[in-house]
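Summary of the model geometry
What follows is each chain in one-letter form.
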Amino acid sequence: MADEFPAGSVWLVGAGPGDPDLLTRKAERLLRTATIVFYDALVGEGVLALVPASVRLVSVGKRAGRHSKEQWTINDLLVAAALAGERVVRLKGGDPSIFGRSMEESSALVQAGVQVRICPGITAASAAAASAGVSLSLRGLARRVQFATAHKRGDAPLDLDWAELADPHCTTVFYMGRSAAAEISRNLQAAGLSGATPVLLACDVSLDSERLLHTRLDLLHIAVAGFSNDQPTLILVGDAIAVASRAPMANYAMGAARAVTT
């Protein structure tokens, strides 16, 4: 393990969607070998419970609209800890390389002469699809999958290629999508996607508090009102979302959104 995680090095580790059972074996091993762990707000309590008591835990809890630390500050903390000889884990919800700013942190560490590696994690979109009993890709309906971030600053419009995102033969997943739900619905329909396109809303994926909501694109702005502003929410759009292995089609609301208990 010393060769894998020498003193003075950093691992960017994916914590997965929250359930500690979905953490990779390698990630768990790295957490037990670290001397310090910097973790995000979206890292599940069950994952943090796996960190030995002797390891220092430092919250750098970034969440949309409530950043406790600026990115450059986090970069500096990682560099300082590594140069002090620590075995540093930077623990990120989901996968570090999917809207996790992994390259910003990696670049800062490399520029400081620090060895940095990445341990991937299960991204929330995969976990949400598994919980709902659906497939992100599906022969004949969804020949590709695309991820987009719906995070934006203030009232600025989302700067996205809506024509590309409105592909009816694709499953599109919007991360951090709650506040932009109405804009997503409006722009996808304006780009040609049918208002009847199935949508799955998911929050607290893989946790006991998980909520899934099946609706359709033209009702998305209504459906999202059932979620709290501070709940991390995924929006999955596409015909494949309507083909569930165990959730009956009756769960898909035609006139209004209905919650599905999983």
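It should be noted that the structure appears before, not after, this text.
This structure is a prediction, so every number in the text was calculated from the model and none was measured.

Another aspect to go through is the side chain of Thr171. Along the chain, Thr171 turns up in strand β7 (residues 170-175). Take Thr171: its relative accessible area is 0%, and that puts it in the buried class. Of the polar contacts made by the side chain of Thr171, one reaches the backbone oxygen of Leu136; its length is 2.6 Å. Once residues within four sequence positions are removed from consideration, Thr171 is found in contact with Leu136, Ala142, Arg144, Val145, Gln146, Val237, Ala240 and Ile241.

On the surface, Phe99, Val145, Phe147 and Met176 cluster together into a nonpolar patch covering about 310 Å² of accessible area. As for its placement among the helices and strands, Val145 is situated in strand β6 (residues 144-149).

Time to look at helix α5 (residues 124-132). Counting buried positions along α5 yields seven of nine residues, so the element is predominantly enclosed. Of the residues making up α5, those classed as buried are Ala124, Ala125, Ala127, Ala128, Ala129, Ser131 and Ala132. Phi turns positive, to about 70 degrees, at Gly133, one or two residues after α5.

Right, let's get into the sheet that holds strand β1 (residues 10-14). Pairing in this open sheet of five strands is parallel, and the strands run β3-β2-β4-β1-β5 from one edge to the other. Looking at which strands have only one partner, the edges of the open sheet turn out to be β3 (56-59) and β5 (116-119). For this sheet, the mean inter-axis angle between neighbouring strands, taken without regard to orientation, is 20 degrees. One ladder, built from four bridges, connects strand β2 (residues 36-39) with strand β4 (residues 88-92); its direction is parallel. Within β4, the residue paired with Tyr39 across the bridge is Leu91. Set on the sheet, helix α1 (residues 25-33) makes contact with β1, β2, β4 and β5; between it and β1 the angle comes to about 135 degrees. In the packing of helix α4 (residues 102-111) onto the sheet, contacts are made with β1, β4 and β5, and the angle to β5 comes to roughly 155 degrees.

A few words now on α1. Buried within α1 we find Ala27, Leu30 and Leu31. Buried residues of α1, viewed axially, fall in a sector of 100 degrees; they line one side. For α1, the exposed residues set more than 90 degrees away from the buried face come down to Arg25 and Arg32. Against the buried residues of α1 lie β1, β2, α2 (45-48), β4 and β5.

For the rest of this paragraph, the subject is the packing of helix α3 (residues 71-83) against α4. At a minimum axis distance of 9 Å, the contact between α3 and α4 shows a crossing angle of 45 degrees. Judged on the interaxial angle alone, α4 and α3 are oblique. By crossing handedness, the relation of α3 to α4 is classed as right-handed. From α3, Gln71, Ile74, Asn75, Leu78 and Val79 reach across to α4, where they touch Glu104, Glu105, Ala108 and Leu109.

This paragraph deals with unusual backbone geometry. Although it is not a glycine, Asp204 sits at a positive phi angle of roughly 50 degrees. As for its placement among the helices and strands, Asp204 is situated in the loop between β8 (198-203) and β9 (211-216). On the accessibility criterion, Asp204 (19% relative accessible area) is buried.

The rules behind these values
Residues numbered from 1 in each chain as written. Predicted model: local features only at pLDDT ≥ 70, side-chain atom pairs only at ≥ 80, totals over all residues. Heavy atoms only, no water. Helix = DSSP H or I, 4+ residues; strand = E, 2+ residues; numbered from the N terminus. Buried < 20%, exposed > 50% of the residue type's maximum accessible area, 1.4 Å probe, protein only. Polar contact = N/O pair within 3.5 Å; in protein donor to acceptor, adjacent residues only side chain to side chain. Contact = heavy atoms within 4.5 Å. Patch = residues over 30% accessible without salt bridge, like charges linked within 9 Å, V, L, I, M, F, W, Y side chains within 5 Å. Areas by Shrake-Rupley, 256 points an atom, 1.4 Å probe, with all protein chains shown as cover. Salt bridge = Lys/Arg side-chain N within 4 Å of Asp/Glu carboxyl O. Pairing = 2+ DSSP bridges. Axes fitted to C-alpha atoms, helices over the stretch in contact; angles between N-to-C directions. Arc of directions from axis to C-beta. Parallel < 35°, antiparallel > 145°, perpendicular 65-115°, else oblique. Left-handed = near helix turned anticlockwise from the far one by under 90°.

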